[in-house]
Amino acid sequence: FVLHRAWVTLATNDSYGLGALVVAHSLRRVGSSYPAVVLITPSVTAAMRERLRAVFAEVIAVDVLDSQDAAHLALLQRPELGITFTKIHCWNLTQYEKCVFLDADILVVQNCDELFEREELSAAPDVGWPDCFNSGVFVFQPSADTFSRLIAFGQERGSFDGGDQGLLNSYFSNWSQDTNKRLPFLYNVTSAAFYSYLPALKHYGQDLKIIHFIGAAKPWLQQYNFESRSVDAPEHLKGFLQLWWDLFTSQVHTQLD
Ligand code: UDP
Ligand code: MN
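Rules of the game
- Residues numbered from 1 in each chain as written.
- Chains lettered and ligands numbered in written order.
- Predicted model: local features only at pLDDT ≥ 70, side-chain atom pairs only at ≥ 80, totals over all residues.
- Heavy atoms only, no water.
- Helix = DSSP H or I, 4+ residues; strand = E, 2+ residues; numbered from the N terminus.
- Buried < 20%, exposed > 50% of the residue type's maximum accessible area, 1.4 Å probe, protein only.
- Pairing = 2+ DSSP bridges.
- Axes fitted to C-alpha atoms, helices over the stretch in contact; angles between N-to-C directions.
- Donors = N, O, S within 2.8 Å, 3.2 Å for Na, K, Ca; no water.
- Tetrahedral: all angles 85-135°; square planar, octahedral: opposite > 155°, others 65-115°.

**Remarks on unusual backbone geometry**
Turning to step 1, where the next piece is worked out: The omega angle of the peptide bond from Glu120 to Leu121 is -15°, so this bond is cis rather than trans.
Turning to step 2, where the next piece is worked out: Residue position: Leu121 is located in the loop between strand S5 (106-108) and strand S6 (122-125).
Turning to step 3, where the next piece is worked out: Even without a glycine there, the phi angle at Gln68 is positive, about 50°.
Turning to step 4, where the next piece is worked out: For Gln68, the location among the structural elements is in the loop between strand S3 (58-61) and helix H3 (70-75).
Turning to step 5, where the next piece is worked out: For Arg229, which is not a glycine, the phi torsion comes out positive at approximately 55°.
Turning to step 6, where the next piece is worked out: Examined against the element boundaries, Arg229 turns out to sit in the loop between strand S10 (224-225) and strand S11 (230-231).
Turning to step 7, where the next piece is worked out: Judged by relative accessible area, Arg229 falls into the exposed class, the value being 51%.

**Here we look at the sheet that holds strand S4 (residues 98-102)**
Turning to step 1, where the next piece is worked out: Read from one edge to the other, the open sheet built from six strands follows the order S3-S2-S1-S4-S7-S6, with strand pairing classed as mixed. Pairing within the sheet leaves two strands with one partner each, and these edge strands are S3 and S6. Along the sheet, successive strands turn relative to each other by an average axial angle of 25°, direction set aside.
Turning to step 2, where the next piece is worked out: Pairing of S4 with strand S7 (residues 133-140) involves four bridges; the strand directions are antiparallel. Pairing of Leu102 across the sheet is with Val137, part of S7.

**So, the coordination of the manganese ion (ligand 2)**
Tetrahedral metal sites with four donors have an ideal angle of 109.5 degrees; octahedral sites with six donors have ideal angles of 90 or 180 degrees.
Turning to step 1, where the next piece is worked out: Looking at the manganese ion (ligand 2), the protein donor atoms are Asp103 (OD), Asp105 (OD), Asp105 (OD) and His212 (NE2), and they sit 2.2 to 2.3 Å from it.
Turning to step 2, where the next piece is worked out: The site at the manganese ion (ligand 2) holds six donor atoms, and with the angles between them running 57 to 173°, its shape is irregular.
Turning to step 3, where the next piece is worked out: Read N to C, the donor residues that coordinate the manganese ion (ligand 2) are spaced as D-x1-D-x106-H. In this pair, Asp103 is assigned in the loop between S4 and S5 and His212 in strand S9 (residues 210-212), connecting sequence segments 109 residues apart. The same class applies to Asp103 and to His212, which are both buried.

Below, the structure is given as structure tokens:
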């Protein structure tokens, strides 16, 4: 058991809290050697904090950081994402030497402990603009200094998309030049790829490590039939959503009142 390394996720409300619970269970399912930590903000309820404490090694309360950038967020058609600036708090986890951040809307489907051998900032390309990285999965090194610099950078320059991804891509702007930091897409397969390149999903799908349910249609917002135990979704998405729901119903829902 190697200390000083941890997975980190974030939930600013109970819905994303459900996602975070599934993230933690997915890490258990694949037998990760590393603990998982969740950052939460004041609006997460006491009941949810208790659930989170049962599966996470640490539940850490942080303040909300919000880009307040309505104009860029409107362009992204995701007005709610200003709050993702809260993610930057992960650099304050200086009790750890190396961490991997995971969005609360991801599912780890195969063990990826090898990610901890990578350096800051390692991440996979974004399908919308592959010279940018997607900030749903990234390897980082906690540092109070980096935290301050990121905050100052955000205050001076803002974020080109209004969310954390724009800020992080501007700050770590040499990412696309360093091939060692460019993670294979298999570590952050965003659901948009299912629509844009289905044959590739068919061809490479069995090597998939992490699936990321980007966009407004989160797994926990999908129609699920508790009698047939199946999720109502397009065929190519169904398998992955089913995996999420199987984990949710077997590990999380049974413990909800
Ligand atoms: N998040 C959160 N509360 C929100 C919005 C986002 O806690 O209201 C966190 C959560 O960890 C989420 C991450 O910020 O996974 C990034 O947001 P999201 O996954 O919705 O963005 P997308 O991946 O769809 O671009
Ligand atoms: Mn996400």
